[in-house]
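So the chains spell out like this:
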Amino acid sequence: MIRVFETPQAAYAAAAWQWMRAALDTSPGLIGVATGTTTTPVHAVVVKLFGEASFDTEPIAICAVDDYIGIPAGHIASCGERVRAQLVRPLGLRAENAVLPDRFDGDAAGYEAEIARRGGIKMQMLGLGGDGHIGFNYPGTPLGTAAHRVPLPQTTRDTLARLYALPAEDMPSEGLTLGIRSIMMSGRIVVIATGSGKAEAVRAALRGPVTEKMPASVLQLHRDVLWLLDGAAAALL
Ligand code: GLP
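Residues numbered from 1 in each chain as written. Predicted model: local features only at pLDDT ≥ 70, side-chain atom pairs only at ≥ 80, totals over all residues. Heavy atoms only, no water.

> Would you mind showing me how to read the pairing of strand β10 (residues 225-230) here?
On any regular strand, side chains alternate: one points to one face of the sheet, the next to the other face. Most of β10 sits inside the fold, with six of its six residues counted as buried. With four bridges joining them, strand β1 (residues 2-5) and β10 adopt parallel strand pairing. Note on β10: the bridge partner recorded for valine 4 is leucine 229. Alignment of strand β9 (residues 188-193) against β10, held across five bridges, turns out to be parallel. When the bridges of β10 are listed, valine 190 appears paired with leucine 226. Handedness of the β9-helix α7 (residues 199-207)-β10 crossover: right-handed. (Buried < 20%, exposed > 50% of the residue type's maximum accessible area, 1.4 Å probe, protein only. Helix = DSSP H or I, 4+ residues; strand = E, 2+ residues; numbered from the N terminus. Pairing = 2+ DSSP bridges. Right-handed = clockwise from strand over helix to strand, strands pointing away.)

Have a look at this one:
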């Protein structure tokens, strides 16, 4: 299903309510989160809702689609730190309920196994790369991949340099990501994309062929995917 909202803020609020839906579902399994400029405001709405009228966060357990590896604890770009700052601490989640890649010391298979042990992912929220990547599954990633380590391409290094003004010695060179197969095993998938920079990827993912060249196109094969877009991201549909 595709929903298009007039403003990015409306799309973020809709995504937050999807997060709430998963948070209120006490069946086993994890909520899969993604970090990035698109999901940050989504998490802020979730925390605002919690602040307005607290809900029971005791049963909530989360995992994350990706993180950088080989970076020191507290590194400015750390996805795990962002997840802890944006969700774990504000919602008071128990530390053991934050199943995050940086606890696995680069062991992608161990990360995937722990997710399975915790009942799998009941809802995975995804951002979308401008080239159609999901997690760190870049164009060309085989569609059947499990969680794996991946060298960071120049595009991601450029984004990091822009966002954090990282000197070369602090630039992560590798990531750990859920694979496309891991993502496809989630019960539900919610993709949030805003802005004109995502429009071509949104068009290709939703209207183009399913191909490794456009990783998000594989989501056409999942039975329960919700795309939440603003007008700019949906402009080419
Ligand atoms: C990044 C991350 C993803 C993220 C996506 C979109 O490269 N690996 O986890 O969801 O790209 O990021 P943004 O929302 O900042 O555009």
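We are not done yet, so read on.
> I'm lost on the environment of serine 182 in this one. Help?
One can find serine 182 in helix α6 (residues 180-184). Linking serine 182 and isoleucine 121, residues 61 residues apart in sequence, is a C-alpha distance of 8.8 Å. Contacts of serine 182, omitting those with residues within four sequence positions, involve Glu112, Thr145, Ala146 and Ala147. A polar atom in the side chain of serine 182 sits 3.3 Å from the backbone nitrogen of alanine 147. (Contact = heavy atoms within 4.5 Å. Polar contact = N/O pair within 3.5 Å; in protein donor to acceptor, adjacent residues only side chain to side chain.)

> How should I be thinking about the sheet that holds β1 in this particular structure?
Strand pairing in a sheet takes place through backbone hydrogen bonds and is either antiparallel or parallel in direction. Strand order in the open sheet formed by seven strands is β1-β10-β9-β6-β2-β3-β5, with parallel pairing between adjacent strands. Looking at strand neighbours, the two that pair on one side only are β1 and β5 (98-99), the edges of this open sheet. With three bridges joining them, strand β2 (residues 30-33) and strand β3 (residues 62-64) adopt parallel strand pairing. In the sheet register, valine 33 faces β3, and the bridge partner there is alanine 64. Packed on one face of the sheet, helix α3 (residues 79-91) meets β2, β3 and β5 and runs near 160° to β3. (Axes fitted to C-alpha atoms, helices over the stretch in contact; angles between N-to-C directions.)

> I would appreciate a short explanation of the site of the ligand in the present structure.
Inspection of the region around the ligand gives 13 residues, with Thr37, Thr38, Asp66, His133 and Lys198 positioned closest. One of the side-chain N or O atoms of aspartate 66 is found 2.7 Å from a nitrogen atom in the ligand. One nitrogen or oxygen atom from the main chain of glycine 135 is found 3.1 Å from a nitrogen atom belonging to the ligand. Here the ligand has 390 Å² of accessible area as a free molecule, and 83% of this is covered by the chains. Its residues assigned to classes, the shell around the ligand comprises four nonpolar, seven polar and two charged. (Near = heavy atom within 4 Å. Areas by Shrake-Rupley, 256 points an atom, 1.4 Å probe, with all protein chains shown as cover. Nonpolar A, V, L, I, M, F, W, Y, C, P; charged D, E, K, R; others polar.)

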